[in-house]
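Descriptive structure summary
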Amino acid sequence: MKLKLTLLLTGMLLFVAAYAQQAETTDQIETEKGPLTIQPILHGTLVFTWDGKTIYVDPYGGGEAFKGIAAPDLILITDIHGDHLDMKTLEAINTDKATFVVPQAVADKLPENFKKRAVVLSNNEHIQQLGIAIAALPMYNLPESEDSRHTKGRGNGYVLEFADKTIYLSGDTEDIPEMRALRNIDVAFVCMNLPYTMDIDQAASAVLEFKPAIVYPYHYRGQDGLSDVEAFKRKVNEGDQNIEVRLRNWYPEQAKN
């Protein structure tokens, strides 16, 4: 009896600790239809919760990374690389009710059980899903070339409209003209990891041009480790103190080490 009670209490404490840790990692943005919750998960992976719906972006990191988070109603995938299209994670989470929004290159790689629930969206196309307006933007490396890591037209960045708030997800891109031309972005998620996307100087320069109200550096683990996001924040705020740079822990395993 004592052993059962001890195990029960231990389980409850672990649950409470996990819930508290999860709550510490979430932010909220107020919209006209209630709060939009933003939860960083890992690298370029995050979860939005809004209006009773749960949206996963580039699910990666295994099923454990999503423990305690509601099953997705919508899954957005930006590109074919394993840190965006991660079949191991997709098979580990509950996707039974999820619609997938993906570029054609991703759809081509999905197994049939996912493909039949996929909506293909190409660069510069727009759709509505679950009351959310979704636009696909280009994401690619500069200079453009057929052998670059990210060719123009293959992957999608996304602009999402949650009621009156507009969110930009860069995906894997350099500081392309399409990103610099954005306007009226409330929250931006901007990548910065060499040699795959761009460095912090390029990222800061682009952010200072399109001026989101809030920017999260994400997807910042590169070939030589993590990018200096503190320096990115300084560069942005030296150029414009009105842009709020939010630094969050996108690499929890490294923080433990």
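A few points on the structure.

How each quantity is defined
- Here the residue numbering is sequential within each chain, running from 1 through the sequence in written order.
- In view of the model being predicted, local features appear only for residues whose pLDDT reaches at least 70, and side-chain atom pairs are presented and counted only at 80 or more, with totals across whole chains, interfaces and linings using the full set of residues.
- Computation of side-chain values covers all heavy atoms of the structure but excludes hydrogens and water.
- Only protein chains enter the calculation, and the probe is 1.4 Å; a residue is then buried if its accessible area is under 20% of its type maximum, exposed if over 50%, and partly exposed in between.
- We count a stretch as a helix when DSSP gives it H or I for four or more residues in a row; a strand needs E for two or more, and each element gets its number in order from the N terminus.
- Strand pairing requires that DSSP identify at least two bridges connecting the strands.
- A right-handed crossover is one whose linking path, passing over the helix from the first strand to the second, runs clockwise when the strands point away from the viewer.
- Here the axes come from fitting lines to C-alpha atoms, over the contacting stretch only for helices, and the angles between their N-to-C directions go from 0 to 180 degrees.
- The crossing is said to be left-handed when, going from far helix to near helix, the turn is anticlockwise and less than a right angle, and right-handed when the turn is clockwise.
- Contacts are residue-level and defined by heavy atoms, with any inter-residue pair within 4.5 Å sufficient.
- Three classes are used, and their members are as follows: Ala, Val, Leu, Ile, Met, Phe, Trp, Tyr, Cys and Pro are nonpolar, Asp, Glu, Lys and Arg are charged, and the others, Gly among them, are polar.
- By definition, a salt bridge exists where a carboxyl oxygen of Asp or Glu is found within 4 Å of a side-chain nitrogen of Lys or Arg.
- Only the six-membered ring of Trp is used, alongside the rings of Phe and Tyr, when aromatic pairs are assigned; centres must lie within 6.5 Å, and planes under 30 degrees apart are stacked while those over 60 apart are edge-to-face, with the rest tilted.
- Take the buried Ala, Val, Leu, Ile, Met, Phe, Trp, Tyr and Cys residues and link them wherever side-chain atoms come within 4.5 Å; each set so joined is a nonpolar core.

Focus: the pairing of strand S12 (residues 187–191)
Within S12, five of the five residues are buried, leaving the element largely enclosed by the surrounding structure. As paired elements, strand S11 (residues 165–169) and S12 share three bridges and run parallel to each other. From the neighbouring strand, Ile 167 faces S12, where its bridge partner is Val 187. In terms of strand pairing, S12 meets strand S13 (residues 214–218) through five bridges, oriented parallel. Following the sheet pairing, Ala 188 is matched in S13 by Val 215. The handedness of the S12 to S13 crossover, carried by helix H6 (residues 200–210), is right-handed.

Concerning the packing of H6 against helix H7 (residues 229–239)
Two elements in contact, H6 and H7, have axes separated by 9 Å at closest approach and are oriented at 30 degrees. H7 is crossed by H6, and the crossing has right-handed handedness. Seen from H6, the contacting residues are Ile 200, Asp 201, Ala 203, Ala 204, Val 207 and Leu 208; seen from H7, they are Ala 231, Phe 232, Lys 235, Val 236 and Gly 239. Here the contact of H6 with H7 is built from residues that sort into eight nonpolar, one polar and two charged.

Structural notes on the pattern of salt bridges
Throughout the structure, instances matching the rule amount to 13 salt bridges. Two residues, Asp 27 and Arg 248, come together in a salt bridge whose shortest N-O distance is 3.0 Å. Linking Asp 27 in strand S1 (residues 27–31) with Arg 248 in the loop between strand S16 (244–245) and helix H8 (252–256), this pair joins segments that are 221 residues apart in sequence. The exposure class assigned to Asp 27 is buried, which follows from its relative accessible area of 11%. Among the ionic pairs, Lys 53 bridges to Asp 51, the shortest N-O distance being 2.9 Å. Counted as one network, the salt bridges with shared partners bring together Asp 27, Glu 244, Arg 246 and Arg 248.

A closer look at the sheet that holds strand S8 (residues 126–129)
Spatial ordering of the open sheet is given by S8-S9-S10-S11-S12-S13-S16, a layout of seven strands whose pairing is mixed. At either end of the open sheet lies a strand with only one pairing partner, and these are S8 and S16. Along the sheet, H6 makes contact with S11, S12 and S13, crossing S12 at roughly 160 degrees.

Overview of the packing of aromatic side chains
Here a ring pair, both rings aromatic, is described through the centre-centre distance and the interplanar angle of the planes. All chains considered together, the criterion is met by eleven aromatic pairs. On the basis of an interplanar angle of 70 degrees and a centroid distance of 5.7 Å, the ring pair of Tyr 218 and Trp 250 is categorised as edge-to-face. Of this pair, Tyr 218 sits in strand S13 while Trp 250 sits in the loop between S16 and H8, and the two are 32 residues apart along the sequence. For the pair Tyr 218 and Trp 250, a shared accessibility class is recorded, and that class is buried. An aromatic cluster is defined as three or more aromatic residues linked by ring pairs; in this entry it consists of Phe 48, Trp 50, Phe 162, Phe 189, Tyr 216, Tyr 218 and Trp 250.

So, the nonpolar core
By size, the foremost hydrophobic cluster in this structure holds 74 residues, and its most contacted members are Phe 48, Leu 76, Leu 160, Leu 169, Phe 189 and Phe 232. Here Leu 169 is in contact with Leu 46, Phe 48, Val 57, Leu 76, Gly 157, Tyr 158, Leu 160, Phe 189 and Tyr 218, once residues within four sequence places are set aside.

Side note on the pairing of strand S10 (residues 157–162)
The two faces of the sheet receive side chains in turn, since in a regular strand these alternate between them. The buried fraction of S10 is high, at five of six residues. When strand S9 (residues 132–137) meets S10, the two strands line up antiparallel, connected through five bridges. Among the inter-strand pairings, Ala 136 is bridged to a residue of S10, identified as Tyr 158. Where S10 lies against S11, five bridges are found, and the strand directions are antiparallel. Each residue of the ladder has a partner; that of Tyr 158, found in S11, is Leu 169. Between the end of S10 and the start of S11, which pair antiparallel, lie two residues, with Ala 163 showing a positive phi angle near 55 degrees.

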